[in-house]
Every structure is written in structure tokens, then in C-alpha cells.
Amino acid sequence: MNPRRLKAMIKKEFLHVLRDWRSLFLALAIPMILIMLFGYALNLDLKNVPTVVWDRSRTPQSRELLSLFDGSPYFSIVDYLDTYRAVQETLEKGRAIIAIVIPSDFADNVLGGGKTRVQVIADGSDANTSRLALGYVRGIGMLYAGKIQVEQARFRGLPEPAPPVEMEPRAWYNPDLRSQNVLIPGIIAIVMIVIAAMLTSVTVAREWEMGTMEQLISTPLRGPELIFGKITPYFAIGLADVATAVLVGQWFFGVPLRGSTALVFLVSTVFLTGALFFGMMLSVSLKKQVLANQAALLAGFLPTMLLSGFVFAIENMPFPIQCLTYIVPARYFISLLRGIYLKGIGLEILWFNALLLAIYALFMVVLSIKRMKMKLE
């Protein structure tokens, strides 16, 4: 490559980006919008599940059980009902997800040491929330049952029964189990694929549609010089977006960065390179802005969103889909970011993911240059 021609191409593309202030504004504003949107709206934590109660017992024992739900951060009792019809209507209208029905003989069975059942109805149309909520309901039920056993043992003058197995759970790396701590590193990948692939996918295609590509072909400019000249401004924008995502994640959402900040930027640079040249390859191959942009959306953004482990656990996917995720580069990038952010580990453990990411970036660079050579030479 000729440094003089490359410098001229970089200057030309920077001037074009600065003149197109709308695209530049979007390129810098979209990361902030996406981070705020995903950070606040996409929350996988279960809290304040709307709950209704039909207490047919209306005794101190039933109120004691309900106090455990009312005092829990996972449930919010929104109404007390008096018929099954009212329970059904509440669930149908979506005003509640969980309904608790306490039988009329609840207190008698509790005081008499008999077995009693409390009906819990969940709105299965919200399957994930209902599944998690039912798990917490079982936990509260076990807590109340254990408390009753202790009280009955004390009343009879017997020693308190000890549980045969006592579990002591500990959550490492994310003690509070905050979903933002897991999602924010993944949002960096979403931001980069949106900015990189979708913006660069129209650069060369725009030259073909405006008729300026023929002028570039008639100059001594070579394929690699055109490619790297057009990539450089978007590379700078991409790094600025990474810095924005890191700062917003720490300041607004309190996401800890336990590892090396330099390593975050290093792996982001590798992923950004692959994403930029992926978009460039689409632009060179398709020659149409709309078509290239749609292809970038389908082949870049959607796999990153759905098949990278950003939101949906790969282990829960069908086996054929799990195999498909191995060709999604964001899978390795998000794994790298979460390891650096939450575990504070480095390339001594994450080297394989980093190697695969580097291979992807190199492959995209070579493929883009090869496609451009076919057009210019």
C-alpha cells in the first residue's frame, strides 16, 4: 500500500463522515440509546410479581403466611379477592401473574399438626416469570413449614428439629445476581455490530450508486488502500462507542470492571475489526445500500442478539442451534467481556476465545480485500 494514497483516502472519508452530521450523530447517539434501553428495560431479575390472594381462612395463621409473601421483594400483593371467578378474571385481564388460595381449614390443620394444601395459580402465558415465581413460592412454603415445625416442637417441649441437609448458596463474581452486570458487557457487542456492520455496509455501495466508484477506479488507488481508507473513520467511531459503553455501564448501572480496562479495549478492537470488514465485504459484494444494510441486519445484528448467549442461554437451546452458535463471533466476544468484567481474568484463561476472535477478524480482512481486488483490478 502507498502511504500517500492511503492518507488521502482516509482524509476523504473523514471529511465525508463529518459532512454527513446526521449519520455521525446517530453513530455516536445509538450506543447511548441502546445501553439505556437495554440496561433499564431488559431486566431478568424477578421482583414485585403482581399477586392476588383469596384467604378463605382469615386467621392469624393464614395472615402469617401471607406476611411472608408481602415482605418478600419477589411478590407484591395487589388485591384480596373472595371468589374463584374474581381470581380468574384478574388473571385473564393480566392484573396479576400469581394467585394464592388459602383453604378454609388452613388454621385447623396447622394447629392440629395435619397436612394442608395451599393452592397457587400461575399465569402460564408468561412462562418464564411464572416458572421463576413458582420456585420462590415453594421456597416461602418450605420456610413457613419449617417455622411451624419449630413452633410445634417448642409447644410440646421437644427439641427443635434440625434439617437433614442445610444448603448454603454463594454466588461468585456476581453476588447480588444483578442481570445488568451480565447484560451490560453483552450490550457492547450489540452496539459494535450495529455501528460497525450497518454503517460500513453502505460505504462502497454508496460509491457505486452515486457513480463515484468509476472515478476511484480510474485513479492509481488500489483495493487495500480503498478498504483501509474507508474503514479508518468508522474504526475511530467504534472505539469512541466502546469507551461510551464502558463509562455508562460503570457510572449509570454500577457494573464492576474487575479486570483490565486495556484488555477490554484490546478484545473490542479485534471484534470491531472483524465487524467493520464484515460490513465492508457486504458493501463490496452487493453494491446496493438498502440490500447491504438489510444483509448486515440479518447476518450481523440478529445472530448477535439471539445466538451469542447475550440474553438466551446457549445451553438451553436445541442441539442443532447450539452447533450454529459456534460460527457467531459475538459468542466469543461476549464470553471474553464477561470474564474480564465479572471474574477479572485475563488471556491466560480466555486465550482460546481471543484466538478464535482474531481468526474471524483476519478472515474478514482477507475476504474484504480479495473481493475489492476483483472489482478494482
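To start, this report covers the structure provided alongside it.

## Things to note about the overall build of the chain
Along the chain, the regular secondary structure elements total 15 helices and four strands. In the chain, of all internal contacts separated by at least 6 residues, the share reaching a separation of at least 24 is 78%. Carbon and sulfur atoms provide 62% of the accessible area of the chain, an area that totals close to 20200 Å².

## Considerations on the nonpolar core
Within the largest apolar cluster, 69 residues are counted, with the highest numbers of intra-cluster contacts made by I35, I188, F310, F333 and Y341. Among the elements of the structure, helix 1 (3–19), helix 2 (21–41), helix 7 (179–200), helix 10 (223–251), helix 11 (261–286), helix 12 (289–306), helix 14 (329–343) and helix 15 (347–376) are those that each provide at least two residues to this core. Considering every element that reaches this core, the biggest residue donor is helix 11, with 13 residues. Look past the residues within four positions of F333 in its chain and what remains in contact with it is I188, A189, M192, V267, S268, F271 and L357. V49, I97, I100 and V110 belong to the second-largest nonpolar core, a separate cluster that totals 19 residues.

## A closer look at the sheet that holds strand 3 (residues 98–102)
Strand order in the open sheet formed by four strands is 2-1-3-4, and the pairing between neighbours is mixed. Taken across any chain shown, the strands that pair with only one partner, and hence form the sheet edges, are strand 2 (75–80) and strand 4 (119–122). Neighbour to neighbour, the strand axes of the sheet diverge by 25° on average, direction disregarded. Pairing of strand 1 (residues 49–55) with strand 2 involves five bridges; the strand directions are parallel. By the bridge assignment for strand 2, V53 is matched with Y80. Its contacts with the sheet place helix 3 (residues 60–70) against strand 1, strand 2 and strand 3, and it is angled at close to 130° to strand 2.

## Considerations on the environment of P3
Locating P3 in the fold gives a position in helix 1. The class of P3 is exposed, set by a relative accessible area of 62%. In the structure, P3 is positioned 222 residues away from E225 in sequence and 8.5 Å away in space, judged by C-alpha atoms.

## Quick notes on the environment of I349
Relative to the helices and strands, I349 is located in helix 15. Take I349: its relative accessible area is 54%, and that puts it in the exposed class.

## Side note on the packing of helix 11 against helix 14
At a minimum axis distance of 10 Å, the contact between helix 11 and helix 14 shows a crossing angle of 175°. Taken together, the axes of helix 11 and helix 14 lie roughly antiparallel to each other. Only P329, A330, F333, L336, L337, I340 and Y341 of helix 14 make contact with helix 11, whose side of the interface consists of L263, V264, V267, S268 and F271. Of the residues assigned to the contact of helix 11 with helix 14, the class counts are 11 nonpolar, one polar and no charged.

## What to know about the packing of aromatic side chains
Here the structure, examined in full by the defined rule, presents eight aromatic pairs. Seen from their ring centres, F271 and F333 are 4.4 Å apart, and the 5° between their planes marks the pair as stacked. In this pair, F271 sits in helix 11 while F333 sits in helix 14, placing the two residues 62 residues apart along the sequence. Each member of the pair, F271 as well as F333, is classed as buried. For the cation-ring pair, R56 lies above W54, with the distance from its terminal atom to the ring centre recorded as 5.0 Å. The ring centre of Y326 lies 4.2 Å from the NZ or CZ of R331, which sits over that ring.

## Considerations on helix 11
Taking 1.5 Å of rise per residue, the 26 residues of helix 11 would be expected to cover 38 Å, and the 37 Å separating its terminal C-alpha atoms lies within 8% of that figure. In the stretch just after helix 11, K287 is the one whose phi turns positive, near 65°.

## Here's the deal with the pattern of salt bridges
Scanning all chains against the criterion turns up two salt bridges. Among the salt bridges present, the one from K147 reaches E64, with a minimum N-O distance of 2.7 Å. A residue pair is termed long-range when its members are at least 10 positions apart, and K147 in helix 6 (residues 127–155) and E64 in helix 3 qualify at 83 residues.

## Side note on a nonpolar patch on the surface
Where nonpolar side chains cluster on the molecular surface, the patch consists of L266, L347, W351, F352, L355 and I359 and spans about 590 Å² of accessible area. Broken down by element, the residue count for the nonpolar patch peaks at five residues, all from helix 15. By secondary structure assignment, the location of L355 is in helix 15. Relative accessible area serves as the criterion here: at 40%, L355 is assigned to the partly exposed category.

## Some points on the environment of L367
The topology assignment puts L367 in helix 15. The class for L367 is partly exposed, based on a relative accessible area of 23%. Linking L367 and M280, residues 87 residues apart in sequence, is a C-alpha distance of 9.7 Å.

## Things to note about helix 1
Helix length check: helix 1, at 17 residues, gives a terminal C-alpha distance of 24 Å against a target of 24 Å (1.5 Å per residue), a fit within 8%. Turning to helix 1, its buried residues are L6, M9, I10, E13 and V17. The buried residues of helix 1 occupy an angular sector of 100° when the element is viewed end-on, so they sit on one face. Exposed and facing more than 90 degrees away from the buried side of helix 1 are R4, K7, K11, L18 and R19.

Rules and cut-offs
- Residues numbered from 1 in each chain as written.
- Predicted model: local features only at pLDDT ≥ 70, side-chain atom pairs only at ≥ 80, totals over all residues.
- Heavy atoms only, no water.
- Helix = DSSP H or I, 4+ residues; strand = E, 2+ residues; numbered from the N terminus.
- Contact = heavy atoms within 4.5 Å.
- Areas by Shrake-Rupley, 256 points an atom, 1.4 Å probe, with all protein chains shown as cover.
- Core = buried A, V, L, I, M, F, W, Y, C linked by side-chain atoms within 4.5 Å.
- Buried < 20%, exposed > 50% of the residue type's maximum accessible area, 1.4 Å probe, protein only.
- Pairing = 2+ DSSP bridges.
- Axes fitted to C-alpha atoms, helices over the stretch in contact; angles between N-to-C directions.
- Parallel < 35°, antiparallel > 145°, perpendicular 65-115°, else oblique.
- Nonpolar A, V, L, I, M, F, W, Y, C, P; charged D, E, K, R; others polar.
- Phe/Tyr/Trp six-rings, centres within 6.5 Å; stacked < 30°, edge-to-face > 60°.
- Lys NZ or Arg CZ within 6 Å of the ring centre and 35° of its normal.
- Expected span 1.5 Å × (residues − 1).
- Salt bridge = Lys/Arg side-chain N within 4 Å of Asp/Glu carboxyl O.
- Patch = residues over 30% accessible without salt bridge, like charges linked within 9 Å, V, L, I, M, F, W, Y side chains within 5 Å.
- Arc of directions from axis to C-beta.

Limitation: the analysis is restricted to geometry and does not speak to function.
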